[in-house]
Amino acid sequence: MHMSEIMEMLIRRGYLWQSFEIYGGMAGFIDYAPLGNNLRRKIENIWRRYFVINERAAEIDTPTIGIEEVFIASGHATSFTDVAIECESCGRVYRADHYVKEKLGIEVDETVEAVKEVMDVYELKCECGGKFKDPAPMNLMFSTTIGPGRGKKGYLRPETAQGMFVDFKRLANFFREKLPFGVAQIGRAYRNEISPRQGVIRLREFNQAELEFFVHPGEKKHPNFSLYANDVVKLVDKFDNEHEISLEEAVEKGIIANQILAYFIGKTRRFLLEIGIKDEKLRFRQHKDDERAHYATDCWDAEVLTSYGWIEIVGIADRTDYDLKRHSKYSGEDLSVFVPYDEPVKVRKRKIVPILSKLGPVFRQKAKKVAEALESLNVESEPEEVEVEVDGEKIKVTKEFFEVQDVEEEVVGEKVIPHVIEPSFGLDRITYSVLEHSFGKDVVDGEERRVLRLKRWVSPIEVAVLPLLSREPFESKAMEIVHTLRENGIFTDYDDSGSIGRRYRRYDEIGTPFCITVDHQTFEDDTVTIRDRDTTAQVRVEVSKLPEILKELLRSERDITEFGEVFRQV
RNA sequence: GCGCGGGUAGUCUAGCGGUAGGACAACGCCCUUCCGAGGCGUUAGCCCGGGUUCGAAUCCCGGCCCGCGCACCA
């Protein structure tokens, strides 16, 4: 079995494990081991701070199972189902539409029937010369049954986004019908990948953090854009042109379509840097026209360089009003918000005013509907006769039943279906990338050392307390400090096994930024040493000040030598 | 899904038809005033299922997993 050095360490030290391992495992599923789970939680919390707390946004949690209607409306039931054709002799499987286009130059609908027809007419053969079996659908969504017996068809959600679109009416109301607002969700999503591979890079069950930011279609801006306007980012546009450019300039030059996309690119970059992604291994790449999802008009991926090459870890898409329109159409609900104008607009209108006293006797019970139909007509001149449709019946109405009036109406606003900008984060890939970008080696005292240089604030174990000697009174004193630090909310570990040097290396390898050592001097003046993972330098501080100093160190990148007398400098 | 290569303690590895050996790690005890020290001891393994054989980790078939290539990746 081949395994990269980093994966070997992650498994051995308790970051990630293969799921169902004792039963032989199953590709596409991983377990977050204790350290990996803690790391991902910390990354999620930082994400929350960026994309929920610091936006006009709220986080919700909706079911991971969705009913069929949702995915018919979203388009996943069709566009997530590729029609596949399989060769009888060589066994190769192709996406039917791709293969037909490549071989015959024909655009074929992605339905089994359409593909079958084309295959029959052109007697389509496999590259190997073999015959194809009948085309069959290949759905990337896991399906399930809700309720007993035949039940109701459901799917495991392929993205968390739909739960937020489905709740739009309630959400718009929650935000008092005022744009813009954002809705976030962190949770599991599922795709029945054909061949999941490359460790955590392609999973069948994965973790997403998504923000749906609803904006007025005419105002694709963000009030806080100035925060990131001068940030210089690496961009690869859809023509493969590379730019190293400020976001402001990228918007001005039209490389990024609008300000709000640029805003989220900037924010995403800051977030990724904060959790430990390396700037020089980060770029934003625009989707090519034939690459975008069925719902997006523009999309920029954050990509990071790892041992698997450049991999996508975030997608920032302009989904426009696609989803809300579709759900509106399929559910029959009005999913617009009312946007008042800054000032009411006076509109002169020529309209038909029905004369109910005349309509009533003639049209009887239909009179009311006829009147409503008349009112909704647009007229320019003064017609002798108009035609309206009531319950599918066409009715001619002559001018004795209505008047044409010129009226001036005050319009205070309009109904708008918001557009949505969606930054969507793949947490598993992000967590893995952070680990890979933090993994390093150096030489300490002439020996190679493996060290995980995680940012202090994402490290799963923040502090390790170590008795210099594994005997009393060192052990009791160390345990006492452990309890104090834990009470202060610091993730603290205790270790008295082996020699002190071995323990330092252990904590270096899993990325613990600080080790506290209880030594002989501790019993003379109640001081201990703090050792820094990256420099291996140590400073001596009073035990009573430990919680305060460690909390400051863990939320900043300050040097430990600011906090005490240097005890041992390597 | 197809093809090629692989799967032996936690990790790495030897064995390749005759009852599995080592290194490191882990755990316990001893020793140790600061960067994978030493001594003694302990735990722990042939991916799963079938076949061939007197006998299978070893040969054959199927499955699962891992790596690579093709295909797929809303």
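Residues numbered from 1 in each chain as written. Chains lettered and ligands numbered in written order. Predicted model: local features only at pLDDT ≥ 70, side-chain atom pairs only at ≥ 80, totals over all residues. Heavy atoms only, no water.

**Some words on the protein's contact with RNA strand B**
- Of all residues adjacent to RNA strand B, which total 52 residues, the nearest are Arg95, Arg191, Arg502, Arg506 and Arg568.
- Sugar plus phosphate, as a fraction of atoms of RNA strand B within 4 Å of the protein: 54%.
- A distance of 2.7 Å separates a base nitrogen of RNA strand B from a polar side-chain atom of Asp519.
- Contact between RNA strand B and Arg531: a base nitrogen at 2.7 Å from a side-chain N or O atom of the residue.
- When contributions to the surface near RNA strand B are tallied by element, the ones reaching two or more residues are helix 1 (5–13), strand 6 (93–95), helix 16 (500–510), strand 27 (527–532) and strand 29 (565–568).
- Looking at the surface near RNA strand B element by element, the count peaks at six residues for helix 16. (Near = heavy atom within 4 Å. Polar contact = N/O pair within 3.5 Å; in protein donor to acceptor, adjacent residues only side chain to side chain. Helix = DSSP H or I, 4+ residues; strand = E, 2+ residues; numbered from the N terminus.)

**Some details on the layout of surface pockets**
- Estimates place the volume of the largest pocket at around 1,600 Å³.
- Every residue lining the largest pocket is counted, 48 residues in all, and those nearest its centre are Phe80, Arg191, Glu291, Ala293 and Glu312.
- Listing elements by their share of the lining of the largest pocket, those giving two or more residues are helix 4 (76–79), helix 5 (96–104), strand 11 (205–215), strand 15 (298–306), strand 16 (309–320), strand 21 (419–426) and helix 14 (427–438).
- For the lining of the largest pocket, the leading source of residues is strand 16, giving five residues.
- Class assignment of the residues belonging to the lining of the largest pocket gives a composition of 18 nonpolar, eleven polar and 19 charged. (1 Å grid on protein atoms, 1.4 Å probe; cavity = no way out; pocket = protein on both sides within 12 Å on 5 of 7 lines; lining within 4 Å. Points joined across faces, edges and corners; volume = space filled by probe spheres on them. Nonpolar A, V, L, I, M, F, W, Y, C, P; charged D, E, K, R; others polar.)

**Notes on the nonpolar core**
- If you look at the biggest cluster of nonpolar residues, it comprises 71 residues, and the most contacted ones within it are Tyr15, Trp47, Phe271, Leu272 and Ile275.
- The dominant element in this core, judged by the number of residues it contributes, is helix 10 (residues 259–275), at nine residues.
- Look past the residues within four positions of Tyr15 in its chain and what remains in contact with it is Leu10, Asp31, Tyr32, Ala33, Leu35, Gly36, Leu39, Leu435, Leu452, Leu454, Pro460 and Ile510.
- By size, the runner-up hydrophobic cluster in this structure holds 24 residues, among which are Ile530, Val543, Leu554 and Ile560. (Core = buried A, V, L, I, M, F, W, Y, C linked by side-chain atoms within 4.5 Å. Buried < 20%, exposed > 50% of the residue type's maximum accessible area, 1.4 Å probe, protein only. Contact = heavy atoms within 4.5 Å.)

**A closer look at the environment of Arg449**
- Along the polypeptide, Arg449 turns up in strand 23 (residues 447–452).
- Ignoring anything within four residues of it in the chain, the contact list for Arg449 reads Gly440, Lys441, Asp442, Val444, Arg505, Asp508, Arg531, Arg533, Asp534 and Thr536.
- Within polar-contact distance, the side chain of Arg449 engages the backbone oxygen of Arg533 at 2.8 Å.

**Focus: the confidence of the model for chain A**
- Per-residue pLDDT for chain A has a mean of 88; in total, 94% of the residues score no lower than 70.
- Taking the mean pLDDT of every element in chain A, the minimum, 68, falls on helix 13 (residues 367–375) and the maximum, 98, on helix 18 (residues 546–555).
- Two summary scores accompany this predicted model of the complex, namely pTM at 0.88 and ipTM at 0.91. (pLDDT = per-residue confidence, 0-100.)

**Quick look at the side chain of His287**
- Following the sequence through the fold, His287 ends up in the loop between strand 14 (282–286) and strand 15.
- Dropping the residues within four chain positions of it, His287 is found in contact with Lys238, Arg292, Cys299 and Asp301.

**Topic: helix 6 (residues 112–122)**
- Buried within helix 6 we find Ala114, Val115, Val118 and Met119. When helix 6 is viewed along its axis, its buried side chains cluster within an angular range of 130 degrees and face the same direction. Away from its buried face, by an angle of more than 90 degrees, helix 6 presents the exposed residues Glu113, Glu117 and Val121.
- Note on helix 6: the residue one or two positions beyond its end, Glu123, has a positive phi of about 45 degrees. (Arc of directions from axis to C-beta.)

**A word on the packing of helix 2 (residues 34–53) against helix 14**
- For the pair helix 2 and helix 14, interaxial distance at closest approach is 10 Å and the crossing angle is 110 degrees. When the axes of helix 2 and helix 14 are compared, the pair comes out roughly perpendicular. When helix 2 is examined against helix 14, the residues Leu39, Arg40, Ile43 and Glu44 are found in contact with a partner set consisting of Leu427, Ile430, Thr431, Val434 and Leu435.
- Along the lines of polarity and charge, the residues of the contact of helix 2 with helix 14 split into six nonpolar, one polar and two charged. (Axes fitted to C-alpha atoms, helices over the stretch in contact; angles between N-to-C directions. Parallel < 35°, antiparallel > 145°, perpendicular 65-115°, else oblique.)

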